[in-house]
Amino acid sequence: MNKVRVRQLWFAATLLISLFLMLIPLPGPLTPLKPYWPALVLLYWCLQSGDRVTLGLAFCLGVAADLFDGVLLGEQALRLTAMVFIALRFRSRLRFFPMWQQSLAVLGLLVNDRILLMLVRVFSGDPLPPTEYWISPLVGAALWPFLFLILDDLRARLRIHEA
């Protein structure tokens, strides 16, 4: 199999796995600790391969996540598109941040994502979320260095390098 095909399969597989990770149920008290996997994986690819991740891809992944999760159609598409827009805008700076600064940037992007989610849900008639609603971005930011290093290591082992 040629290298371009392997890169495409690896890219698609990581996005698909992120959708399945999003579906894994957690016990009641641990539900607020669940990170937003599609956002984290898309952020990784935004930083590693900015030309491969587009707003259209973020929108399509968001619609797929909406269909998988059974939420309001377009909710996650809006959130992921906004996040990818910001990440691509600041990609050249974020790539060279030390890992702790990248984690803080990821925290900011995930908090922005939560604010968008809260606005969509409040405008659709839901009440304001409880305080544990804001824990998930902290978990995502804490997992960021590990996720980044694991995906980077797997990419290196598969010898998938961007041209």
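Everything below is about the structure printed above this text.
Small disclaimer: the values here were computed from a predicted structure and weren't measured. (Residues numbered from 1 in each chain as written. Predicted model: local features only at pLDDT ≥ 70, side-chain atom pairs only at ≥ 80, totals over all residues. Heavy atoms only, no water.)

### What about the overall build of the protein chain?
Step number 1: The number of helices and strands found in the protein chain is seven helices and zero strands.
Step number 2: Helices and strands appear in the protein chain in the N-to-C order α-α-α-α-α-α-α.
Step number 3: For 163 residues, the compact-globule estimate of 2.2 N^0.38 gives 15 Å, and the C-alpha radius of gyration of the protein chain, at 16 Å, lies within 12% of that figure.
Step number 4: With 163 residues in all, the protein chain has 39% of them scored as buried.
Step number 5: In the protein chain, of all internal contacts separated by at least 6 residues, the share reaching a separation of at least 24 is 69%.
Step number 6: A total accessible area of about 9100 Å² is found for the protein chain, and carbon and sulfur atoms account for 71% of it. (Helix = DSSP H or I, 4+ residues; strand = E, 2+ residues; numbered from the N terminus. Rg over C-alpha atoms; globule rule 2.2 N^0.38 Å. Buried < 20%, exposed > 50% of the residue type's maximum accessible area, 1.4 Å probe, protein only. Contact = heavy atoms within 4.5 Å. Areas by Shrake-Rupley, 256 points an atom, 1.4 Å probe, with all protein chains shown as cover.)

### Digging into the packing of aromatic side chains
Step number 1: On inspection of all chains with the given rule, the structure shows six aromatic pairs.
Step number 2: Plain terms: the ring middles of Tyr133 and Trp134 are 5.0 Å apart, the flat faces sit at 90 degrees to each other, and that makes the pair edge-to-face.
Step number 3: For Trp134, a relative accessible area of 31% puts it in the partly exposed group.
Step number 4: Between Trp144 and Phe148, the ring centres sit 5.6 Å apart and the planes meet at 50 degrees, which makes this aromatic pair tilted. Residue Trp144 and its partner Phe148 are located together in helix H7 (residues 135-157), separated by four residues, close to a single helical turn. Residue Trp144 shares its accessibility class with Phe148, and that shared class is buried.
Step number 5: Through successive ring pairs, a cluster of aromatic residues spans Phe11, Tyr44, Trp45, Trp144 and Phe148.
Step number 6: For the cation-ring pair, Arg52 lies above Phe11, with the distance from its terminal atom to the ring centre recorded as 5.0 Å. (Phe/Tyr/Trp six-rings, centres within 6.5 Å; stacked < 30°, edge-to-face > 60°. Lys NZ or Arg CZ within 6 Å of the ring centre and 35° of its normal.)

### Observations regarding a nonpolar patch on the surface
Step number 1: A contiguous nonpolar surface patch, about 640 Å² in accessible area, is contributed by Val111, Ile115, Leu119, Val122, Phe123, Leu128 and Trp134.
Step number 2: The exposure class of Phe123 is exposed, given its relative accessible area of 72%. (Patch = residues over 30% accessible without salt bridge, like charges linked within 9 Å, V, L, I, M, F, W, Y side chains within 5 Å. Salt bridge = Lys/Arg side-chain N within 4 Å of Asp/Glu carboxyl O.)

### Quick notes on the nonpolar core
Step number 1: Of all hydrophobic cores here, the largest spans 32 residues; its most connected members are Leu42, Trp45, Leu80, Met83 and Trp144.
Step number 2: Breaking this core down by element, the ones donating at least two residues are helix H1 (3-23), helix H2 (37-48), helix H3 (55-69), helix H4 (75-89), helix H6 (99-123) and H7.
Step number 3: Per element, the largest residue contribution to this core is ten residues, and it comes from H2.
Step number 4: When near neighbours in sequence (up to four residues on either side) are disregarded, Leu42 contacts Leu15, Val53, Leu57, Ala58, Leu61, Leu80, Met83 and Val84. (Core = buried A, V, L, I, M, F, W, Y, C linked by side-chain atoms within 4.5 Å.)

### Topic: H4
Step number 1: Taking 1.5 Å per residue as the helical rise, H4 with its 15 residues ought to reach 21 Å, and the 22 Å between its terminal C-alpha atoms agrees with that figure.
Step number 2: Residues of H4 that are buried make contact with H1, H2, H3, helix H5 (91-94) and H6. (Expected span 1.5 Å × (residues − 1).)

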